[in-house]
Amino acid sequence: MIVIIVVMSLLIATYVVAVLEAWVATGHLRPAGPLMSGMALLGRESIIPRQPDRLFFEIAPPLLLLAAVGAAMVLPLAPDVVVIDLATGGLFVNAAWVYVLVALIMAGWGPDGAYAMVAGWRFLAQLVAYSMLIVMPITAVAMRAESLSMTTIVQSQVGSWNVVTQPLGFLLFWLAAMAACFLPPFDHPLAPAEVAGGVTAEYTGVRLLVFRLGRLLLIVTLAIAVVVFFLGGWHGPWLPAWAWTATKTLAVVAVMLVTGRFLPRLRSEHLMAWSWKLGVPLALANILWTGITLWMVDR
Amino acid sequence: MEPGCSATTVREVREAPGGWRGLVARAMARSLTTFVVPDARMAREAGIDLAAAGLQPVATPRHASVLLVIGDVPPGLADAVTVVYAQMPRPRTVLALGTQMTGLLPAANITVPLNQKGLERGVAQVRARISSQPEASADDVFTAQVLDAADDDDGGMDKGEMHHHEGNDGEHGDEDDDATNPHAGHDMDDSAIDDGDGSMDHGDMDHDMMGGGGMSMVSMTQDLPRSPDGLPMEWSEVAFGPLFPGLPAGLASTLTLDGDTVVDALSSGAMDRAILSSLPGPVASFPDRLVAVDPLAPVAYRILAMKALANVNGASIFPPANVPWVAACERERAASHLGWLAGFGELLGYDWMAAQAAALHLALVRAPDISSIKAIRPDVDRFLRDMSRNPMLRLRLAGIGTLDPGSEASGPVARGSGKRGDARNDDHSSVEAGFYPIVQDAGDVLARFRVRLAEISLSLDMVAGAETLSLPDLSVQADFRGTGWAVVETPRGSATLQIDVQDGHVRTAHVDAPSAVHAKLVSQVVDQAELADALIGIASLDLSPWEMDG
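Keep in mind that this is a model prediction, so the values were computed, not measured. (Residues numbered from 1 in each chain as written. Chains lettered and ligands numbered in written order. Predicted model: local features only at pLDDT ≥ 70, side-chain atom pairs only at ≥ 80, totals over all residues. Heavy atoms only, no water.)

Trainee: Can you walk me through the interface of chain B and chain A in this structure?
Mentor: By a widespread convention, an interface's size corresponds to the accessible area lost as its parts come together. Each partner contributes residues to the interface: chain B has 68 residues there, and chain A has 48 residues. Together chain B and chain A conceal approximately 5100 Å² of surface at their shared face, both sides included; 56% is due to carbon and sulfur atoms. Applying the counting rule to chain B against chain A returns four salt bridges. Among the salt bridges present, the one from R267 of chain A reaches D533 of chain B, with a minimum N-O distance of 3.1 Å. At the boundary of chain B and chain A, one finds 15 residue pairs in polar contact (both at pLDDT 80 or more). (Contact = heavy atoms within 4.5 Å. Buried area = accessible area lost by both parts, 1.4 Å probe. Salt bridge = Lys/Arg side-chain N within 4 Å of Asp/Glu carboxyl O. Polar contact = N/O pair within 3.5 Å; in protein donor to acceptor, adjacent residues only side chain to side chain.)

Right, dumping it as structure tokens:
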């Protein structure tokens, strides 16, 4: 029962995110847009490149979807609405998101095309940049909750949300989340004008549909993670818990999409340099700061 | 039936299918994605707004359902267009604007006039066609002949060689080893690849390496070329173009990639030699023939022809005052830079900038007179202010694509590196209209970007002070003869023309175009640059592939 509720909520959220993405990109709000595009993709021919790495080519889109689904399984949408309340949920989501890299590398290598291959490698470089900035803020958040369980992390934010007590961690996690789902300005693997569509360049038909669905679900799971870790999860007055989660998640996604429109794609060099020379020291400072504040509160 | 509009013939229109297939058909008809040939910039130059017509442009033909052809396909692009069509998944439609596409595969399914109304009518016909025949048609089998020919030549998988593969073969059997499993329903698997727009597969992934299980990395990599950082990596030659989304249409570049760093680049254009050899002829129609040399700067070339004729010894074919030329020339310059900005914004992944520049480009192209240009001036100024103050752009563009242009370069490429050369320096009427050369010293992409931004503003100032946008008429006497020379500052640089006229006929005409010179700068710009930076550097040269040799 819980599983059905979670799955339905995620599907609805994914659909809304698709509508939002199209709205930001084109300026027109089309509620039936994703439905039409999805069905249109089903009607189109599925082309297989001539000498693909067939295993990678076929596995990559479903793997992307599975990575997102895996992360979604441990994210709590409301006090008892979580598919698996893992004690190490905070660690597990990160492990699930790593499979996004595997999927994109496969999608890059599989079609035996230069553009896709370069795009896959670019995402690998991007992961090297953002992965520390995902894990370190989670560490600080877990320090406050004294647990890695997602539900406990949300409950630890009853008094004040983590965005207020750990603003640095929030900012770093936000940016790293945008990089993890390769939204602009971090959309190196998909850059339309640089690598002609990148990892999606050779996919058509059903596979393209699954890939896009996987990416949308990934965006949703990352946004829910931001809400769970930093924005108090389901806490809030008047509205029921699930409504707060939904509102906050969609707000997070909307802000991510809008900021992407107004920023040029980040240069790879800058992404690497800023993540490691600026981001990691700041994340460590965040952990130190959290430790100090928790110790002071304890006293 | 209106003229210029072809009807779908009766035998093609079938009953719209019902049920699930009908739903999918209607969905496909409502989400039309399009791959534009030559590119979106040429569409805007023709006054066409794709989004308003309901078409969504995409970067790769694999995601496209409609192939939109704007105007006649130049001979240099014909092969590329066939490859692109072969890559599109079925059901696919070719919508041709203003061209019959005779003798060129693929044949146009729907032909309409080259304007916005024609496009909208064409899109409606496309939707009707897709709704009524949604399935990938077994008749729609297409192989790109250029790829078949290349395939016959190569044998094995040598490092660094281009591999071309066949187009869709459909179910009609092919001699491949790969088995095809035609699925039921809508999917049709093909054993075909087309790495199109001419892209290259990494066929240089060697199979030699697979055999040596016990070799050390040192011995395995000893023969590989080394980059300046000492790391031996695989080098691939990848083709970017001639229909690559981030570069001007017609520009075919082959970049040698060392990982994701570019170590070398070879560029060639799409110049049509037949146009140059057809330049000699009657004087009265000479400007029309010269305009065909570069479709991206028709006004500048027309003015070039008229000026050269006006400078022929002893001729006085129209009044010496050439102020009317200034307004038309500067309006084209502003429009060209705005069009370039839109493409540049897409390359940068800066959607907001690309959208704004595209809208302003279209508005300027469509403006019928000087007062409408004045009306859009506040929007343009606001946009230019935002762009020049933008810290993110400064960060992104500073320090990349630095080049030393040499003595032959001109235009924003030269002026972005501190050289003050500009053909308008010596043109009295331009100076009177307010011209002054805009120069930046840094020589990088940011400098050229800033030069073009400032030139838009200056050009629109010069247009605002003029009386008319139209060019004077040409009238010629029968015994007109002599040699003439002229130079005009096109949006890309200085173009010169030398002509020899006898008995009212142009006997010889020699054109020196700026992009032919700037093409030599490509290897400087991409040297050891990361792929994105290299493409940005090439785009910052604002090359016109029609002026470059193929």
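Let's pick the thread back up.
Trainee: Is there a simple way to explain the sheet that holds strand β9 (residues 281-282) of chain B in this structure?
Mentor: Pairing between the strands of a sheet is mediated by backbone hydrogen bonds and can be parallel or antiparallel. All names here are of chain B. Strand order in the open sheet made by the four strands is β9-β12-β11-β10, with antiparallel pairing throughout. Edge strands, defined here as strands with exactly one partner in the open sheet, are β9 and β10 (482-490). Relative to strand β12 (residues 505-512), β9 runs antiparallel, the two sharing two bridges. Pairing of P282 across the sheet is with H505, part of β12. Most of the contacts of helix α10 (residues 298-310) go to β10, to which it runs at about 150°, and overall it touches β10, β11 (493-502) and β12. (Pairing = 2+ DSSP bridges. Helix = DSSP H or I, 4+ residues; strand = E, 2+ residues; numbered from the N terminus. Axes fitted to C-alpha atoms, helices over the stretch in contact; angles between N-to-C directions.)

Trainee: Sorry, what's going on with the pairing of β10 of chain B here?
Mentor: Successive residues of a regular strand alternate their side chains across the two faces of the sheet. All names here are of chain B. Here nine bridges tie β10 to β11, and the two strands are oriented antiparallel to one another. Residue pairing in the sheet places G482 in a bridge with V501 of β11. Turn length for the β10-β11 hairpin, with the two strands adjacent in sequence and antiparallel, is two residues.

Trainee: When you look at the side chain of T34 of chain B in this model, what are you seeing that I'm missing?
Mentor: All names here are of chain B. By secondary structure assignment, the location of T34 is in strand β1 (residues 33-37). Owing to a relative accessible area of 0%, T34 belongs among the buried residues under this scheme. A polar contact is formed between the side chain of T34 and the backbone oxygen of V66, at a distance of 3.2 Å. Apart from the residues lying within four places of it in its own chain, the contact partners of T34 are L55, Q56, P57, V58, A64, V66 and L68. (Buried < 20%, exposed > 50% of the residue type's maximum accessible area, 1.4 Å probe, protein only.)

Trainee: Explain the pairing of strand β3 (residues 66-70) of chain B here, please?
Mentor: All names here are of chain B. In terms of residue burial, β3 counts as a mostly covered element, since five of its five residues are buried. The alternating pattern of β3 places V66, L68 and I70 and L67 and V69 on opposite faces, both of which are buried. In this structure, β1 lies alongside β3, joined through four bridges in parallel fashion. Looking at β3, one finds that T34 is bridged to V66. As defined by bridge partners, β3 adjoins strand β4 (residues 93-97) across five bridges and the pair is classed as parallel. By the bridge assignment, V66 is partnered in β4 with T93.

Trainee: For this particular structure, what's the right way to read helix α8 (residues 167-180) of chain A?
Mentor: Every α-helix winds through 3.6 residues per turn, so residues three or four apart in the chain are directed the same way. Residues and elements named next belong to chain A. Between the first and last C-alpha of α8 there are 20 Å, a value that for 14 residues agrees with the 20 Å anticipated at 1.5 Å per step. Burial of α8 is extensive: 10 of the 14 residues sit out of reach of the surface. In this structure, the buried side of α8 is in contact with α4 (89-109), α5 (114-145), α7 (162-165), α10 (205-230), α11 (241-261) and α12 (268-298). (Expected span 1.5 Å × (residues − 1).)

Trainee: Any chance you could explain the pattern of salt bridges here in plain terms?
Mentor: Once the charged atoms of two side chains with opposite charge are near each other, the side chains can pair. Residue and element names in this part refer to chain B. The final tally for this structure, using the stated rule, is 28 salt bridges over all chains. The partner of D379 in a salt bridge is R382, with the nearest N and O atoms 2.9 Å apart. Here R382 and D379 lie together in helix α13 (residues 370-389), a separation of three residues that amounts to about one turn. Residue class for D379 comes out partly exposed when judged on its relative accessible area of 37%. Of the charged contacts, one joins D533 and R396 as a salt bridge, the two residues approaching to 3.0 Å between their closest N and O atoms. Taken together, the residues span a long stretch of sequence, with D533 in helix α20 (residues 531-540) and R396 in helix α14 (residues 391-397) at a distance of 137 residues. Judged on exposure class, the residue D533 and its partner R396 are both buried. Salt bridges linked by common partners bring E330, R333, R415, D422, R424, E455 and E489 together as one network.

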